[in-house]
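Residue-level listing of the chains:
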Amino acid sequence: MRLENEGASDATMIYLRKHLDLGSISNSDGEIDFDTLKRLEKNGASNATMCYLRPLHLDLNSKSNLKCLEEEGTSDSTMEHLRTHLDLLGISVGYLEKQLMKEVTDAKLDESSKIYELEDLADLEIGCLVRRKGANVVCPIDGEIGAAYVHSISDPNAVGRAEVMLSYTWGYTIGDIIDTLKVYCEKIGKSPDEVYVWICFLCVNQHRVVAMRRKGENISFVIFRAVFNSRVTRIGHILAMMAPWEEPGYLTRVWCVFEIFTAQTNSCTITITMPSKERTRFI
């Protein structure tokens, strides 16, 4: 049974077996029909069941983005579950190593390219790698054209609930970042394909950031702090990337220091890490 193999809880499976013909609820692409989902919720499916089914088996980038779901009467509690799910999606380290690096190469960049070269927010046109990825994708959160990179990935196995947040600077190179994440995967004994990481330049909708800049607007620090505090607390673990080891750029950035302070204040796990070449130099 596909749902069960993918990790649906016992309670979810019991409910579905009781109320549905499990052989007919999903199409050949593994997506559950939207009308079926509406019927499940109407018939009393739990928030946990709905939270599991909607994001994993419904194309939220099409007709059923969160804005549409809310307008169609989806319950407040289910909407909150879905917003949390989308907000905490991370990208697998394996995808970053293979697909993102391919996109970097295709863009005439390389491992030494810094993050602000992949996504230059001073460029108000869609000329950067990250925004190009989601330029024609409907954002599943607000229903408008232009989605975050993480919400523009078509491979369902490349995206999942983030287990760790990378804390870094945009002055680091993409090669060092991916190497650092691979070192972390090796340390915890997991395949890069199984580790999902939340990274701001890929997981924040940069289209909306640039749209605000065009209007001369900025998000207030109070709002920014509240959003970050909520996110880091829910993920519960940050990787603080230090490079070069003798004079980390990380420690020169106020925002980075704020991130690690927030994680510490909220009793989150903090892992200090660095690229393998820096670790070699350090030892």
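Residues numbered from 1 in each chain as written. Predicted model: local features only at pLDDT ≥ 70, side-chain atom pairs only at ≥ 80, totals over all residues. Heavy atoms only, no water.

Caption draft 1: Representation of the sheet that holds strand β1 (residues 89–92) within the structure. Reading across from one edge, β2-β1-β4-β3-β5-β6 is the order of the 6 strands in this open sheet, with mixed pairing throughout. Of all the strands in the sheet, just β2 (159–161) and β6 (269–273) have a single pairing partner and so form its edges. Pairwise comparison of adjacent strand axes, ignoring direction, gives a mean angle of 40° for this sheet. Where β1 and β2 come together, 3 bridges link them in antiparallel fashion. Counterpart to Gly90 in the pairing with β2 is Gly160. Relative to strand β5 (residues 237–241), helix α10 (residues 174–188) is tilted by about 130°, and along the sheet it contacts β3 (164–167), β4 (196–198), β5 and β6. (Pairing = 2+ DSSP bridges. Helix = DSSP H or I, 4+ residues; strand = E, 2+ residues; numbered from the N terminus. Axes fitted to C-alpha atoms, helices over the stretch in contact; angles between N-to-C directions. Contact = heavy atoms within 4.5 Å.)

Caption draft 2: Summary view of empty space enclosed by the protein. Taken as a whole, this structure holds 1 cavity of 30 Å³ or more when the rule is applied. Reported here for the largest cavity is a volume of approximately 40 Å³. Around the largest cavity, the lining residues are Val183, Tyr184, Lys187, Thr271, Ile272, Thr273 and Arg279. Looking at the lining of the largest cavity, the elements with two or more residues in it are α10 and β6. Considering only residue class, the lining of the largest cavity consists of 3 nonpolar, 2 polar and 2 charged. (1 Å grid on protein atoms, 1.4 Å probe; cavity = no way out; pocket = protein on both sides within 12 Å on 5 of 7 lines; lining within 4 Å. Points joined across faces, edges and corners; volume = space filled by probe spheres on them. Nonpolar A, V, L, I, M, F, W, Y, C, P; charged D, E, K, R; others polar.)

Caption draft 3: Representation of the layout of surface pockets. By volume, the largest pocket amounts to about 1,400 Å³. Taken together, 43 residues line the largest pocket, and the ones lying closest to its centre are Cys200, Val204, Val209, Ile219 and Phe224. Those elements giving two or more residues to the lining of the largest pocket turn out to be α6 (76–87), α11 (200–203), α12 (206–214), α13 (221–235) and α14 (254–265). Of all the elements, α13 adds the most residues to the lining of the largest pocket, at 7 residues.

Caption draft 4: Highlighting the environment of Leu239. Residue position: Leu239 is located in strand β5. Residue class for Leu239 comes out buried when judged on its relative accessible area of 0%. A C-alpha to C-alpha distance of 6.1 Å links Leu239 and Ile270, two positions 31 residues apart in sequence. Not counting chain neighbours up to four residues away, the residues in contact with Leu239 comprise Val164, Met165, Leu166, Ser167, Leu181, Tyr184, Thr271 and Thr273. (Buried < 20%, exposed > 50% of the residue type's maximum accessible area, 1.4 Å probe, protein only.)

Caption draft 5: Highlighting the pattern of salt bridges. Under the definition given, this model contains 12 salt bridges. Between Lys190 and Glu163 there is a salt bridge, and its shortest N-O distance comes to 3.0 Å. Residue Lys190 is located in the loop between α10 and β4, and its partner Glu163 is located in the loop between β2 and β3; the two are separated by 27 residues in the primary sequence. For Lys190, a relative accessible area of 30% corresponds to the partly exposed category. The residue Glu246 makes a salt bridge to Arg281 at a minimum N-O spacing of 3.0 Å. Of this pair, Glu246 sits in the loop between β5 and α14 while Arg281 sits in helix α15 (residues 276–282); the two residues are 35 residues apart in sequence, bridging distant segments of the chain. For Glu246, a relative accessible area of 45% corresponds to the partly exposed category. With a relative accessible area of 45%, Arg281 lands in the partly exposed category. Salt bridges sharing common partners tie together Asp87, Arg231 and Arg234. (Salt bridge = Lys/Arg side-chain N within 4 Å of Asp/Glu carboxyl O.)

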